[in-house]
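Residues per chain, in single letters:
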Amino acid sequence: MAAAWGSTLAAVALRAVTPWRRSSRLLAASAGPWAHREASSSSPQAGEGQIHLTDSCVQRLLEITQGSEFLRLEVEGGGCSGFQYKFSLDTVINPDDRVFEQGGARVVVDSDSLAFVKGAQVDFSQELIRSSFQVLNNPQAQTGCSCGSSFSVKL
């Protein structure tokens, strides 16, 4: 597992300086509290059940997606805090998915995952050691781990 995660981070680091490889569909995830960007609403009626996209997220998605592709955000069990964020590019919208669109960029979240991220922001952050999509200011998260990719939920 650690080797797979390390190779994912290496791929993301290379992504900052090389073109996107279509064969690698998993994108790095992080929920680092250190990065805060101004969020833009994904709809005119932004509320707690919404996902907010930052300008940097919209810009990066417009750069990497083609045609009907969108960013899928999922929450899985795992990580050192109990749950972890998973980002991937996808083209299929399922019946239980919610679509959040802004400026032509789309983020899709299934109904089960939405319960864990409603009201959060999706951001794209470029740092010296990695570039990744991140979930920020998640009101459903109680604590997160030091790596920023996993969290525990408020009960």
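Scroll up to find the structure this text is about.
From a predicted model like this one, the values you see are computed outputs, not experimental measurements.

**Student:** Which residues make up unusual backbone geometry, and what are the values?
**Tutor:** Notably, asparagine 137 is not glycine yet its phi reads approximately 50 degrees, a positive angle. Inspection of the secondary structure puts asparagine 137 in the loop between strand E10 (131-136) and strand E11 (141-144). For asparagine 137, a relative accessible area of 45% gives the class partly exposed.

**Student:** A description of the packing of aromatic side chains should follow, citing residues and the corresponding values.
**Tutor:** This model, assessed by the stated rule, comprises five aromatic pairs. Taken together, a centroid distance of 4.6 Å and an interplanar angle of 15 degrees make the contact between tyrosine 85 and phenylalanine 151 stacked. A residue pair is termed long-range when its members are at least 10 positions apart, and tyrosine 85 in strand E6 (residues 83-90) and phenylalanine 151 in strand E12 (residues 150-153) qualify at 66 residues. Residue tyrosine 85 shares its accessibility class with phenylalanine 151, and that shared class is buried.

**Student:** Tell me about the pairing of E12, residues and numbers included.
**Tutor:** Side-chain alternation along E12 places Ser150 and Ser152 on one buried face and Phe151 and Val153 on a second face that is also buried. Two strands pair when backbone bridges link them, and E6 and E12 are joined in this way by two bridges, in the antiparallel orientation. By the bridge assignment for E12, glutamine 84 is matched with serine 150. When E11 meets E12, the two strands line up antiparallel, connected through three bridges. In the strand pairing of E12, threonine 143 is matched with serine 152.

Criteria and cut-off values
- Residues numbered from 1 in each chain as written.
- Predicted model: local features only at pLDDT ≥ 70, side-chain atom pairs only at ≥ 80, totals over all residues.
- Heavy atoms only, no water.
- Helix = DSSP H or I, 4+ residues; strand = E, 2+ residues; numbered from the N terminus.
- Buried < 20%, exposed > 50% of the residue type's maximum accessible area, 1.4 Å probe, protein only.
- Phe/Tyr/Trp six-rings, centres within 6.5 Å; stacked < 30°, edge-to-face > 60°.
- Pairing = 2+ DSSP bridges.

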